[in-house]
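Now for the letters of each chain:
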Amino acid sequence: TSTVHLHHNNQKKKLIRKEMGGLMRLTVFLSMFVAITLTSQAQYLLPITKDEPTKQFYTTLDIDSAAKSPVNLLLDLQTSLTWLNCRKLKSLSLLRLVTCQSSTCKSIPGNGCDGKTCLYRQPTPLGVTPVVTTGRVVQDRATVSKASLPRFTFSCAEEKRLQGLAPQLAGVLGLSPGQFPFWRQVTSAFNIIPKFALCLPSSGTGHFYVGGANYYRIPPFSGGSNPVPMTLTPLKNIGSGNYLLSVQSIYVGRSPLSLSPNLLEGGAKLSTVVPYTVLQTDIYNALARSFTQKATKIGMFEAPRHAPFTDCFDEGASSRNKRGLKNVPVIEIGVPGRAGEVKWSFHGENTVVRVMETVICLAFVDGGKKPKESMVIGTHQLQDYMIDFDFSTTLMAFRTISFPKKKKR
């Protein structure tokens, strides 16, 4: 009897150990799941500032292991790898050179070699004639929202390469859809959702989010209970290195433009360095003609051109003092949505520029008969919008945002 009892106890202990082991494994799994879930929802925030004279938008990033060096970098959606004048950093001694044979170097678009050192070649984002930037690829620590990015990969450029950038800028922050843009380095290092969002400000300070949940609250991290609703549209051909949207139609004052379908086949490219939307000549002429017809109907008069703008208007009796720019004809781009076409609407502040007290100009530029892209949406149209790029879904989301205005001194 005692033998049977002992055997029974042993069996019971084994069962308990098995259950405890299973429970511990379940607990560990759940802990890992919670950690991954929480990490994936993390969101990092950087400021965006507009340099008014150049219309350039930049963020400030802390780089340097020895002593934090805040550097101002132009935001560029086409640059693959961040580059900057490394002499702007307080300490160069801790920069780690990336070797030519490393997997990092081989993964960088436009890479080359100087002996054993990895080089990066990339045209500058500014200027009609592309200037090739060549610099050594290095790594150092960067700080993003107080979190440390231990191996931030970028390249050093000579000071003469900064020509065309605002004086306070040290280089260009790469935000392309490629392998080594800043946002991808952050999301990979911190194991967060591969996405980022930009709110370019017309004035004041804008917001640059990296990672994040499937929604944003404005102002950021306010703890509000009402997420900002966003309109979704798919990104087109991200392998091209550009952010492209399919365009189905264009409207002025709710009326569709009559355009040859092949004019819209290439879609629209988004740019954070082109100040005003550039359109192929036929698209521009149709847009300007429709805008002029509607503007004259509300009391505006055609006025002499102001370079680089072709179509300008004296506001005349269009009630500017009462309604500001709210009476300016609305321009809309029709893009694919979840259930048919959705419209991206641009109102007065995004469609015209004030060049004199009573004179405004259509803030679009004629790009010629055979441009490389038939439509490039510039920063004047993008500012005061939340633009979200999510690579886990290959969707772009957009929503208009109101920023606090700068106080007049």
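Structural notes, computed from the coordinates. Small disclaimer: the values here were computed from a predicted structure and weren't measured.

1. Quick notes on the overall build of the protein
Okay, step 1: Counting its regular elements, the protein contains seven helices and 28 strands.
Okay, step 2: If you take every contact in the protein between residues at least 6 apart in sequence, the share linking residues at least 24 apart comes to 64%.
Okay, step 3: With an accessible surface of roughly 20,600 Å², the protein has 55% of that area assigned to carbon and sulfur atoms.

2. Thoughts on helix α4 (residues 281-297)
Working note: α-helix, 3.6 residues per turn, so residues spaced by three or four point in the same direction.
Okay, step 1: Helix length check: α4 (17 residues) gives 24 Å between terminal C-alpha atoms against 24 Å at 1.5 Å per residue, within 8%.
Okay, step 2: Regarding α4, its N-cap is Gln 280, as a side-chain oxygen of that residue lies 2.7 Å from the backbone nitrogen of Asp 282 further along.
Okay, step 3: The first or second residue beyond α4 is Gly 299, which carries a positive phi of 100°.

3. Observations regarding the sheet that holds strand β24 (residues 359-362)
Okay, step 1: In space, the four strands of this open sheet follow the order β19-β20-β24-β23, with antiparallel pairing throughout. Whereas interior strands pair on both sides, the edge strands pair on one side only; in this sheet they are β19 (301-303) and β23 (352-354). For this sheet, the mean angle separating the axes of adjacent strands, direction not counted, is 35°.
Okay, step 2: As defined by bridge partners, β19 adjoins strand β20 (residues 312-314) across three bridges and the pair is classed as antiparallel. Counted as the bridge partner of Phe 301 is Asp 314 from β20.
Okay, step 3: Strands β19, β20, β23 and β24 of the sheet are contacted by α4, whose axis makes an angle of about 145° with β24.

4. Description of the environment of Phe 391
Okay, step 1: Assignment of secondary structure puts Phe 391 in the loop between β27 (385-390) and β28 (395-400).
Okay, step 2: For Phe 391, a relative accessible area of 13% puts it in the buried group.
Okay, step 3: Each C-alpha atom, one on Phe 391 and one on Pro 194, is 5.5 Å from the other, the two residues being 197 residues apart in sequence.
Okay, step 4: Not counting residues up to four positions away in its chain, the partners in contact with Phe 391 are Pro 177, Trp 183, Arg 184, Pro 194, Phe 196, Ile 238 and Tyr 243.

5. Details of the packing of aromatic side chains
Okay, step 1: Applying the stated criterion across every chain, the model contains 17 aromatic pairs.
Okay, step 2: An aromatic cluster is built from Phe 152, Phe 154, Phe 182, Trp 183, Phe 196, Phe 208, Tyr 243, Phe 389 and Phe 391, whose rings are joined through pairwise contacts.
Okay, step 3: The residue whose ring lies beneath Arg 184 is Phe 391, and the NZ or CZ to ring-centre distance is 5.6 Å.
Okay, step 4: Cation over ring: Lys 343 sits above Tyr 251, and NZ or CZ is 4.1 Å from the ring centre.

6. What about helix α3 (residues 182-190)?
Okay, step 1: α3 sits mainly inside the fold: seven of its nine residues count as buried.
Okay, step 2: Of the residues making up α3, those classed as buried are Phe 182, Trp 183, Arg 184, Gln 185, Val 186, Thr 187 and Phe 190.
Okay, step 3: Count one or two residues on from α3 and you reach Asn 191, which has phi positive near 55°.

7. Description of the sheet that holds strand β22 (residues 340-346)
Okay, step 1: Taken in spatial order, the four strands line up as β16-β15-β21-β22 in an open sheet, and their pairing is antiparallel. Each end of this open sheet is capped by a strand with a single partner; those strands are β16 (255-256) and β22.
Okay, step 2: Inspection of the sheet shows strand β15 (residues 249-252) paired to β16 by two bridges, in the antiparallel sense. Bridging across to β16, Tyr 251 finds its partner in Pro 256.
Okay, step 3: Packed on one face of the sheet, α4 meets β15, β16 and β21 (331-337) and runs near 25° to β15.

8. Section: the pairing of β22
Okay, step 1: Where β21 lies against β22, seven bridges are found, and the strand directions are antiparallel. Across the sheet, residue Gly 337 finds its bridge partner in β22, namely Gly 340.

9. Details of the pattern of salt bridges
Okay, step 1: In this structure the tally under the stated criterion is 10 salt bridges.
Okay, step 2: For Glu 332, the salt bridge goes to Arg 254, with nearest N and O atoms at 2.6 Å. Of this pair, Glu 332 sits in strand β21 while Arg 254 sits in the loop between β15 and β16; the two residues are 78 residues apart in sequence, bridging distant segments of the chain.
Okay, step 3: The class for Glu 332 is buried, based on a relative accessible area of 3%.
Okay, step 4: Three or more residues joined by partner-sharing salt bridges are found here, namely Lys 50, Glu 52 and Lys 55.

10. Considering the nonpolar core
Okay, step 1: Grouped together as the largest cluster of nonpolar side chains are 77 residues, with contacts concentrated most on Leu 175, Phe 182, Phe 196, Phe 208, Leu 270, Trp 344 and Phe 389.
Okay, step 2: When residues of this core are assigned to their parent elements, the largest contribution, seven residues, is made by α4.
Okay, step 3: Every residue in contact with Phe 208, bar those within four places of it in the chain, is listed here: Tyr 44, Leu 45, Leu 46, Ile 48, Thr 59, Leu 75, Leu 173, Leu 175, Phe 182, Phe 196, Ala 197 and Leu 198.
Okay, step 4: Formed by 19 residues, the second largest nonpolar core is a distinct cluster that contains Leu 81, Val 98, Tyr 120 and Leu 165.

11. What about unusual backbone geometry?
Excluding glycine, residues mostly carry a negative phi; peptide bonds, for their part, are mostly trans.
Okay, step 1: Note that the residue after Ala 307, namely Pro 308, is joined by a cis bond; omega there is 5°.
Okay, step 2: Of note in the backbone geometry, Lys 146 takes a positive phi value of approximately 70° without being a glycine.
Okay, step 3: One non-glycine residue, Asn 191, lies in positive phi territory at about 55°.
Okay, step 4: Relative to the elements of secondary structure, Asn 191 occurs in the loop between α3 and β11 (195-199).
Okay, step 5: Taking relative accessible area as the criterion, Asn 191 reaches 46% and is therefore assigned partly exposed.

So, how was this worked out
In every chain, residue numbers begin from 1 and rise along the written sequence. Local features in this predicted model are restricted to residues of pLDDT 70 or higher, and side-chain atom pairs are both shown and tallied only at a pLDDT of 80 or more, whereas totals for entire chains, interfaces and linings draw on every residue. Side-chain metrics in this entry use all non-hydrogen atoms of the structure; hydrogen atoms and water are not considered. By the criteria applied, helices consist of DSSP H or I runs no shorter than four residues and strands consist of E runs no shorter than two, each listed in order from the N terminus. The criterion used for residue contact is that any of the two residues' heavy atoms lie within 4.5 Å. Every accessible area reported is derived by Shrake-Rupley at a probe size of 1.4 Å, with residue values counting cover from the shown protein chains alone. Helices are assigned an expected span. That span is 1.5 Å times one less than the residue count. Any pair of N or O atoms that falls within 3.5 Å is considered a polar contact. Within protein, one atom must be able to donate a hydrogen and the other to accept it, and sequence-neighbouring residues count only if both atoms are side-chain atoms. Here a strand pair is declared whenever DSSP counts at least two bridges between the two strands. Only the stretch in contact is used when fitting a helix axis, every axis being a line fitted to C-alpha atoms; angles between N-to-C directions are given from 0 to 180 degrees. Here the term buried applies to any residue with accessible area under 20% of the maximum for its type, exposed to any over 50%, and partly exposed to those in between, with areas from a 1.4 Å probe on protein chains only. Pairing of aromatic rings covers Phe, Tyr and Trp, the last through its six-membered ring, and needs centres within 6.5 Å; plane angles under 30 degrees mean stacked, over 60 mean edge-to-face, and all others mean tilted. Cation placement over rings: the criterion is NZ of Lys or CZ of Arg within 6 Å of the ring centroid and within 35° of the ring normal. Whenever Lys or Arg places a side-chain nitrogen within 4 Å of a carboxyl oxygen from Asp or Glu, that contact is recorded as a salt bridge. What is meant by a nonpolar core is a set of buried Ala, Val, Leu, Ile, Met, Phe, Trp, Tyr and Cys residues, joined one to another through side-chain atoms within 4.5 Å.

None of this, on its own, says anything about what the molecule does.
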